[in-house]
Amino acid sequence: MSLSTTTPPHGDPGTTVVVPDTPAHVPGPARFLGRALRTLWSNGKARIGLTILALIILMAVLAPVFAPHSPTATNFTPYQGPSAANWFGTTGNGQDVFSQVVYGARVSLLVGLLAGAGATLVAVTIGLIAGYRPGAVDEVLSFATNLALVIPGLPLMIILAAYVPSRSVWTIVLVVAFTSWATGARVIRSQASTLRTRDFVSSAVFSGEGLGRVVFREILPNMTSLVAASFFAAATAAVMAEASLEFLGLGDPNTVSWGTILYYAQQQNALLTGQWVLVFAPGLAIALLAVSFTLVNFGVDALSNPRLREK
Amino acid sequence: MPLLSATDVNVVYQPARGRKVWAVRDVSLSLEQGEFVGLVGESGCGKSTLGYALTRMLRPPARLTGGVIDFAGTDLSTLDGEGLRAQRRNGIALVLQSGMNALNPVRTVEMHLRDILRAHARDGEDLSKEAVRRRGERLLEKVRLDTAVLTSFPHELSGGMRQRVSIALALSLEPKLIVFDEPTTALDVIVQRAVMQTIKDLQKENGFTAVLISHDLGTVLDATDRVMVMYAGRIVEDQPSDTLLAGSHHPYTEALLGCYADPRAEEIVLGGIPGTPPDLSLPQAGCSFAPRCTLATDVCREVDPPLEPLGAGTAACHVRAGRVGRTGREDAHA
Amino acid sequence: MNYVLRKTALFGVTLWAAVTLNFVLPRLMPGSPVDAALAKLAQGGQQVTNAQRRAIEVQLGSPHDGLLSQYVQYLGNMARLHFGSSYSFPNQTVAKTIEGALPWTLVLVGTTTVIAFVVGTLLGVYAGWRRGTRSDATVTVGATFFAAFPPFWLGLLLLFVLAFKLNAFPIKGGYSPGLTPNLSVGFLSNAVAHSFLPALTLAITSLSGWVFGMRNNMINTLGEDYVTFAEANGLRTRTIALLYAARNALLPNVTAFGLSLGAVVGGSVLVEGVFSYPGLGNLLYIAVSNHDFPLMQALFLVITVSMLVAIFVVDLLYVRLDPRVRRA
């Protein structure tokens, strides 16, 4: 049957138009982001996640507005439970816990997003190279990825952090980023190698597009939701990892983050002195941040796999 | 008494977002015992949907929204759950589009058979391992397969073999009617012919009523006694197979036949049908083929033609029914 | 058989790579790793004795030998399980310390993981089968919620509520102080009581991964032709759900099981720390607090090797589950 689309005569119901398979069109980044946000917003779970995330970001950015006191000032009576002056009580050093939790959002968000982005960057690089270049390069990179997957993450992070001479937030960001890339790399590699054989890539290569252009203008735009999903998964893992490392005492003891609050709480036996809010609040905050990333990821997953879309 | 008599069957695709699509519209048909009927049409005409509707295998978002499906005295459209499941024995069977994936990868052929027999076991039936094995061997023989296949896993069999196994499993239910949904489309041409021959032989030997759904007119004409042509969710023609190649027919059928070229001819002229099938999410005014029909008249565009006698069968066309002259060619398309 | 050979070779190579990585890590720091370790100790305000220096050199190599001879020496030591002496526990070698802690972790993590896997998989089957219904939503939301709990936080909460406030369970340790470990019923029941809270914590946090994975697999499997054909042939609902859908959906989950062990092990480090449960995780916690490098290195190696072995075992078991890999 020929596919000519002709003007239907008056009174005829509309005819369907058949369009051949076209590769992804690359719109400008701002419009792209706007469209992505709107699509995510339409997914119920993602909507909740975005809301929580927005609130946490707001709290972090406007911390001086929300927090009644400085997080590090030690001018309160230590080991106090919740009171009018200190909504969440005070730490063993006489600091206001509520202000600490508010300011702590900054570090946790920063580490979560940065380490997540770093891990995703490494994952995308390795995944794309391995997926696009079969043969020896792929074999070596795949083996490295599998090895990185198999080595237990937290123990490795512990060892690395323990060896690094300085204790800072950046240590944590780097350590987390360098140990969390493997899952994303594996997924991206398999998608890239599937896309590599698709016709629009072959035609781009034939028409003389260089390697960089093929990868960045043809393959990568078709993997955006996959990369986004990897990012949010990595960010979730990063938030948990950061909190875990700080809880174990491997963070910077002078920064205020949700993990260090819990570290000091454990050191000062907060539970045995009955200060359950000191333990509950930062942990809940960590959980909420992690949940928000996961919920947003539900939306991203549904975008790329129509079978999972909510009916 | 016809074995299957369907009246005013309607199927709607209703996605959560997007418009409703009427895939099968007011279809009525009847099948006699022992007939071999073909159901042809282009992709999207609703033939598979109709097949699934008749066997009550529609999945959301497709829904049977109306009609009566009288099968040997029972209205299938009212059945559900356990009642429907029980109908599968001595009832209607369905063979899927490709045997490639119709078999559970972690179970052997024997296990498949045992699952089926156990699901429909009647009192006193012997379902011991030996009994199942014997039945399996007999069934495999019928579909011309070696008995070693019984203990094989699906991945150990070729596509053609898997399709035959599917047919054998369907036969184990001792069905009165088997719907074959594009049974050979996924196979290569030589295997296609062999499997179709097996299906024809089986139908003659066992006497079940068969419905062959296919877009390949050639295969259908070769195998069947009777052909129904579908277009845009409607049956537009119903004729004995051997009368289809000659005489006048529904314009769509004629156009379809015109699309085939003789590969041995000196010069091959490929025909086509200008235009595209209608958007089934919109209400159809008049005959759905009218926009693409060279014979269409005003009546055609306003009134939906019913199935009326034409030659040895029926067709849904005002022009063929002799009601309007072949006057206007004003609707010819470029 | 090809599959088995491939997996065995993979196991061997990965094992070698992990051991070598353990060798390379401390040497990534500029300067002699031994000096770096000693500097760390000094930073922590500890006095360094000759015995401690010797212990570190065994693990990290004496600075006088070349890299290759250090490597060979290291491999020999690892093969003979000579991990040196720890200074957190000065009266015994690292090997002995680990030996004491290993069974606790094996029992805790082993049983918890198996239980979490089974329960999580069943819940995932249920949620996938009843996709879109309220049961599905409940399971999914519940699993998401619990997945977000940092393991140590959940542990602390359970500790506070169930142990401290309600006195229903012991607060810390693997067994009550004063008892000596033996296989009597009395001791075992005491040990079980102590392991309940850590096990519960671990199970809750690792459960959700299985639930989601299995649910997704179920949804994909339910769309397969063989499920449709089974329905067309009138198989019973339970047969289809379990033998046709779940049985196939399980396969990718089993593959994922081995890989996720890493996360469980990581979680166990935190949970054991919170409960002072005498396993490998707790040892790691102590080692980090004390800058005890020989112990840390040895623990890392033992944990990684155990995981590799577990993954290898799972890979071998997979052959039983999927006939498609059985062909020669």
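The numbering scheme is per chain: residues are counted from 1 as the chain's sequence reads. All chains are assigned letters beginning at A, and all ligands numbers beginning at 1, according to the order in which they are written. Totals for whole chains, interfaces and linings use every residue, but because this is a predicted model, local features are given only for residues with pLDDT of at least 70 and side-chain atom pairs only at 80 or more, for both listing and counting.

Here we look at the overall build of chain C
Only DSSP runs of H or I with at least four residues qualify as helices, and only runs of E with at least two residues qualify as strands; both kinds are numbered from the N terminus onward. When you go through chain C residue by residue, the secondary structure sums to 12 helices and zero strands. Helices and strands appear in chain C in the N-to-C order α-α-α-α-α-α-α-α-α-α-α-α. As a rule, residues whose C-beta atom has 12 or fewer other C-beta atoms within 10 Å are exposed, those with 20 or more are buried, and those in between are partly exposed; C-beta atoms are placed from the backbone. Evaluated residue by residue, chain C yields a buried proportion of 46% over its 328 residues. C-beta atoms are placed from the backbone for every residue, and two residues are taken to be in contact when these atoms lie within 7 Å. By sequence separation, contacts in chain C at least 24 residues apart represent 72% of the contacts at least 6 residues apart.

Notes on the overall build of chain A
Of regular secondary structure, chain A possesses 13 helices and zero strands. Counting from the amino terminus, helix and strand elements in chain A follow one another as α-α-α-α-α-α-α-α-α-α-α-α-α. Counting over 311 residues, chain A shows a buried share of 44%. For chain A, long-range pairs separated by at least 24 residues make up 70% of all intrachain contacts whose partners lie at least 6 apart in sequence.

Some words on the pairing of strand β6 (residues 92-95) of chain B
All names here are of chain B. The side-chain alternation of β6 yields two buried faces, one formed by I92 and L94 and the other by A93 and V95. Across four bridges, the pairing between β6 and strand β7 (residues 177-181) is parallel. Paired with A93 across the two strands is I178, which belongs to β7. Between any two strands, pairing holds if DSSP finds at least two bridges.

Digging into the sheet that holds strand β1 (residues 4-13) of chain B
Residue and element names in this part refer to chain B. In spatial order, the strands read β2-β1-β4-β5; together these four strands make up an open sheet with antiparallel pairing. Both outer strands of the open sheet, β2 (21-31) and β5 (74-75), are each paired with one neighbouring strand and no more. The pairing of β1 with β2 spans seven bridges and is antiparallel. Looking at the pairing, A6 lines up with L29 of β2. Along the sheet face, helix α1 (residues 47-54) touches β1, β2 and β4 (62-71) and points at about 60° away from the line of β2. Every axis corresponds to a line fitted to the C-alpha atoms, with the helix fit spanning only the stretch in contact, and the corresponding angles, defined between N-to-C directions, vary from 0 to 180 degrees.

What to know about the sheet that holds strand β9 (residues 226-231) of chain B
Residues and elements named next belong to chain B. Strand order in the open sheet formed by eight strands is β6-β7-β8-β3-β9-β10-β12-β11, with mixed pairing between adjacent strands. Edge positions in the sheet fall to β6 and β11 (308-310), since each of these pairs with one other strand and no more. Strand-to-strand twist in this sheet, taken as the mean axis angle between neighbours without regard to direction, amounts to 25°. Relative to strand β10 (residues 234-240), β9 runs antiparallel, the two being bridged by six bridges. Paired with M228 across the bridge in β10 is D238.

Considerations on the packing of helix α6 (residues 153-163) of chain A against helix α12 (residues 293-321) of chain C
The interhelical angle for the contact between α6(A) and α12(C), taken along N-to-C directions, is 160°, at an axis separation of 10 Å. The angle between α6(A) and α12(C) falls in the class roughly antiparallel. Where α6(A) crosses over α12(C), the handedness of that crossing is left-handed. Only C:M296, C:F300 and C:I303 of α12(C) make contact with α6(A), whose side of the interface consists of A:P155, A:I159 and A:A162. Residue polarity is assigned by list, with Asp, Glu, Lys and Arg as charged and Ala, Val, Leu, Ile, Met, Phe, Trp, Tyr, Cys and Pro as nonpolar; anything else, Gly included, falls into the polar class. Residue classes in the contact of α6(A) with α12(C) are distributed as six nonpolar, no polar and no charged. Roughly parallel covers angles under 35 degrees, roughly antiparallel covers those over 145, roughly perpendicular covers 65 to 115, and oblique covers all other angles. By definition, turning the near helix anticlockwise from the far helix through less than a right angle yields a left-handed crossing, and turning it clockwise yields a right-handed one.

Remarks on the interface of chain C and chain A
Reports often express the size of an interface as the amount of accessible area lost when the parts come together. The interface of chain C with chain A comprises 42 residues on the first partner and 32 residues on the second. Mapped onto the side of chain C that touches chain A, the elements with two or more residues apiece are α1 (2-27), α6 (134-147), α7 (151-165), α8 (185-222), α10 (237-275), α11 (280-289) and α12 of chain C. The residue inventory of the side of chain C that touches chain A, partitioned by class, reads 31 nonpolar, 11 polar and no charged.

Looking at unusual backbone geometry
Residue and element names in this part refer to chain B. The omega torsion of the bond from P60 to P61 falls at 5°, within 30 degrees of zero and hence cis. Assignment of secondary structure puts P61 in the loop between α1 and β4. Residues other than glycine seldom take positive phi values, yet R56 does so here, at roughly 55°. Tracing the backbone through its elements, the reader meets R56 in the loop between α1 and β4. Of note, the phi angle at E174 is positive, near 50°, even though the residue is not glycine. Following the sequence through the fold, E174 ends up in the loop between α5 (159-171) and β7.

Topic: the confidence of the model for chain C
All names here are of chain C. As a per-residue quantity, pLDDT reports the predictor's confidence and falls between 0 and 100. The predicted model of chain C averages 81 in pLDDT, with 86% of residues at 70 or higher. Helix α9 (residues 225-232) holds the highest mean pLDDT among the elements of chain C, 92, whereas helix α3 (residues 50-60) holds the lowest, 65. Overall fold confidence for the complex sits at a pTM of 0.77, while the interface term, ipTM, reaches 0.87.

Remarks on the packing of helix α5 (residues 94-129) of chain C against α6(C)
All names here are of chain C. It is at 8 Å that the axes of α5 and α6 come closest, and there the two elements cross at 140°. Here α5 lies oblique to α6, going by the angle between them. In the packing of α5 onto α6, the handedness of the crossing is left-handed. Facing L123, Y126 and A127 of α5, the residues of α6 in contact are S135, D136, V139 and T140. Here the residues of the contact of α5 with α6 sort into four nonpolar, two polar and one charged.

A word on the environment of C:A310
All names here are of chain C. As for its placement among the helices and strands, A310 is situated in helix α12. As a C-alpha pair, A310 and F257 span 53 residues in sequence and 9.6 Å in three-dimensional space. Residue contacts for A310: discarding those within four places in its chain leaves G258 and L261.

Details of the confidence of the model for chain A
Residues and elements named next belong to chain A. In the predicted model, chain A carries a mean pLDDT of 79, and 87% of its residues have values of at least 70. Element-level pLDDT for chain A is lowest in helix α1 (residues 29-41), with a mean of 73, against a maximum mean of 89 in helix α4 (residues 97-132). Below a pLDDT of 50 lies the segment residues 1-24, which in the model reaches 41 contacts outside its immediate sequence neighbourhood of four places, other chains included.

Some words on the environment of C:T97
Residues and elements named next belong to chain C. Inspection of the secondary structure puts T97 in helix α5. Taking the number of C-beta atoms within 10 Å as the measure of exposure, T97 has 24 and is therefore buried. Distance from T97 to S69, taken between C-alpha atoms, is 27 Å for residues 28 residues apart in sequence.

Focus: the environment of B:Q14
All names here are of chain B. Tracing the chain through its elements places Q14 in the loop between β1 and β2. Under the C-beta neighbour-count criterion, Q14 is labelled partly exposed, with 13 such atoms within 10 Å. Taking the C-alpha atoms as reference points, Q14 and R63, 49 residues apart in sequence, are found 7.5 Å from one another.

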